[in-house]
Amino acid sequence: MADYQSRHDGALPTSLIGIRLNTQIGAGAIVTHSVSKPWSKFGVPATELRAEVLAAYAARPWLNCMHVHAGSQTYSLRQLASAIEIMLSFAAEVNASAVARGLAKQIATVDIGGGLPVNFASEENTPAFADWAAELRASCPALFTGEYNVITEQGRRYLAKQGFIASRVEYVKQAGGRRVLLQHAGADIAVRTVYKPEVWPLRVTALRADGSPFPPADDSTELLLPADVAGPCCIDDVIAPSQRPLPPAQQGDLVLFHDTGAYFHSAWSYYNCRQAPALYCFTETFKADGTVDEEAEIKLELIRPAATVEETVEFFMTKTA
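Visitor: Please provide a residue-by-residue account of the overall build of the protein chain, values included.
Guide: Across its full length, the protein chain carries seven helices and 14 strands. Here the C-alpha radius of gyration of the protein chain, 25 Å, is well above what a compact globule of 321 residues would show, namely 20 Å. Put simply, of all contacts in the protein chain between residues at least 6 apart along the chain, 70% involve residues at least 24 apart. In the structure as shown, the protein chain presents an accessible area of about 17,600 Å², 57% of it carried by carbon and sulfur atoms. On the protein chain, the mean spot of the 27 positive side-chain charges and the mean spot of the 35 negative ones are 6 Å from each other.

Pasting the structure below:
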């Protein structure tokens, strides 16, 4: 530390620079999104290289942060917390070693990653952030003592249930004894759902052409009809699970895909040279009791306009100096 400071006018870096640990807690419910498997490409294997990690911090006083991210949508709260516990044990040992050598606390910031699961099965917003905080208070109390600045990466969890995709039904076909709704959202905007529907399911709601709901299905109204909801790409890009019970939507009606506020528009693909759809932000008014004011006007703001043909072609053009 002293040698480093003498070569840099006594100053230590103000940037956050640290090591990402692979805590090697194993695979979760989704193997492909579990990045704490023992052989994961992400991070330094903590259980195998503990001495090397500690030595790296001791030799480099400018390492002042530590990071862990176990994976997204795949681990329980307890599993996510266990990965953070392992990281905190490393951070505590690094700091204790620094103090023992007469130096200042070395790690002041920890990045605990993200990964909190999203409930794609219903409108219920679970698990709640309060549940996550309670788990962390019980398992990782050091996060709440003020000893560390804490960085989180819960962007997907914040945004997923705040967005939806609305698409107009282009036509309905009957084939092979099945009813198929053809519409405009497919593998280009929902690649995870199309290729791994059992892991990344989406709920779908059918609406009338004016956006109003169909009447509830009971003995006195129209029955739900099984249907595949298919997209426009040149593969069998069925978004909703095969033969989803839906109201009798027809050409010109709408389908709405829930919980697509993250990892959908941002993962747009130019597959088939299709144009990316417009992206809008909507703002609702809430009452004092926290419920939505159904009578207040919903405000729409264009965040990103729909792509043009020219913009799409430009993406594929050869760039010259």
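Next comes the rest of the account.
Visitor: I'd love a proper account of the pairing of strand 14 (residues 299–304), names of residues and values included.
Guide: The element strand 14 is barely covered by neighbouring structure, given that only zero of its six residues are classed as buried. Sheet topology note: the strand 13 (residues 279–283)/strand 14 ladder contains five bridges and is antiparallel. Considered in strand 14, the bridge of Leu279 is made with Arg304.

Visitor: So, unusual backbone geometry: which residues are in play, and what are the values?
Guide: With an omega dihedral of -10°, the bond running from Thr126 to Pro127 counts as a cis peptide bond. Its identity as a non-glycine residue notwithstanding, Gln24 has a phi of 55°, on the positive side. With respect to the secondary-structure elements, Gln24 resides in the loop between strand 1 (18–22) and strand 2 (44–45). With a relative accessible area of 12%, Gln24 lands in the buried category. Residues other than glycine seldom take positive phi values, yet Asn272 does so here, at roughly 65°. For Asn272, the position within the fold is in the loop between strand 12 (254–257) and strand 13. What makes Asn272 partly exposed here is its relative accessible area of 35%.

Visitor: So what about the side chain of Thr109? Which residues, and what values?
Guide: Of note, Thr109 is situated in strand 4 (residues 109–111). Using a relative accessible area of 5% as the deciding quantity, one classes Thr109 as buried. With sequence-adjacent residues up to four places away left out, Thr109 is seen in contact with Leu16, Asn64, Cys65, Met66, Asn149 and Ile151.

Visitor: Tell me what's going on with the pairing of strand 10 (residues 225–230), and back it up with residues and numbers.
Guide: Strand direction decides the pairing type here: strand 8 (residues 178–182) and strand 10, joined by three bridges, are parallel. Paired with Leu182 across the strands is Ala230, a residue of strand 10. Pairing geometry for strand 10 and strand 11 (residues 244–246), over three bridges, is antiparallel. Pairing of Ala227 across the sheet is with Arg244, part of strand 11.

Visitor: Which residues make up the packing of helix 3 (residues 77–100) against helix 4 (residues 129–139), and what values do they have?
Guide: Orientation of helix 3 relative to helix 4, taken along the N-to-C sense of each, is 45°, at an axis distance of 10 Å. Considered as vectors, helix 3 and helix 4 are oriented oblique to each other. Crossing of helix 3 over helix 4 shows right-handed handedness. Along the contact surface, helix 3 presents Leu77, Arg78, Leu80, Ala81, Ile84 and Glu85, while helix 4 presents Asp131, Trp132, Glu135, Leu136 and Ser139. Grouping the constituent residues of the contact of helix 3 with helix 4 by class yields six nonpolar, one polar and four charged.

Visitor: So what's going on with the environment of Thr47? Residues and values would help.
Guide: Mapped onto the elements, Thr47 comes out in the loop between strand 2 and helix 2 (50–59). As a C-alpha pair, Thr47 and Gln24 span 23 residues in sequence and 7.0 Å in three-dimensional space. Excluding residues that lie within four positions of it along the chain, Thr47 makes contacts with Thr23 and Gln24. Within the local environment of Thr47, its side chain forms a polar contact with the side chain of Gln24, the two groups lying 2.3 Å apart.

The rules behind the values
- Residue positions within a chain follow its written sequence, with the count starting from 1.
- For this predicted model, a pLDDT threshold of at least 70 governs which residues receive local features, and a threshold of 80 or more governs which side-chain atom pairs are given and counted, while totals over whole chains, interfaces and linings are taken from all residues.
- Only hydrogens and water are set aside when side-chain values are computed; all heavy atoms of the structure are taken into account.
- Secondary structure follows DSSP: runs of H or I at least 4 residues long count as helices, runs of E at least 2 residues long count as strands, and numbering of each begins at the N terminus.
- The quantity called the radius of gyration is restricted to C-alpha atoms. Its globule counterpart is 2.2 Å times the number of residues to the power 0.38.
- We call two residues in contact when some of their heavy atoms are within 4.5 Å.
- We get accessible surface area from the Shrake-Rupley algorithm with a probe of 1.4 Å; when it comes to residues, only the shown protein chains can shield them.
- Neither His nor the chain ends is counted toward charge; the positive residues are Lys and Arg and the negative residues Asp and Glu.
- By convention, charge coordinates are those of NZ in Lys, CZ in Arg, CG in Asp, or CD in Glu.
- Relative accessibility decides the category of a residue: with a 1.4 Å probe and only protein chains considered, values under 20% of the type maximum give buried, values over 50% give exposed, and everything between is partly exposed.
- Any two strands with at least two DSSP bridges between them are considered paired.
- Axis definition: a line fitted to C-alpha atoms, over the contacting stretch in the case of helices. Angles run 0 to 180 degrees between N-to-C directions.
- Here is the rule for angles: anything less than 35 degrees is roughly parallel, anything more than 145 is roughly antiparallel, 65 through 115 is roughly perpendicular, and the remaining ranges are oblique.
- Throughout, a crossing is termed right-handed when the near helix is turned clockwise from the far one, and left-handed when it is turned anticlockwise from it by less than a right angle.
- Residue polarity is assigned by list, with Asp, Glu, Lys and Arg as charged and Ala, Val, Leu, Ile, Met, Phe, Trp, Tyr, Cys and Pro as nonpolar; anything else, Gly included, falls into the polar class.
- Residues adjacent in sequence count toward polar contacts only when both atoms are side-chain atoms; beyond that, a polar contact is any pair of N or O atoms within 3.5 Å, and within protein one must be able to donate a hydrogen and the other to accept it.

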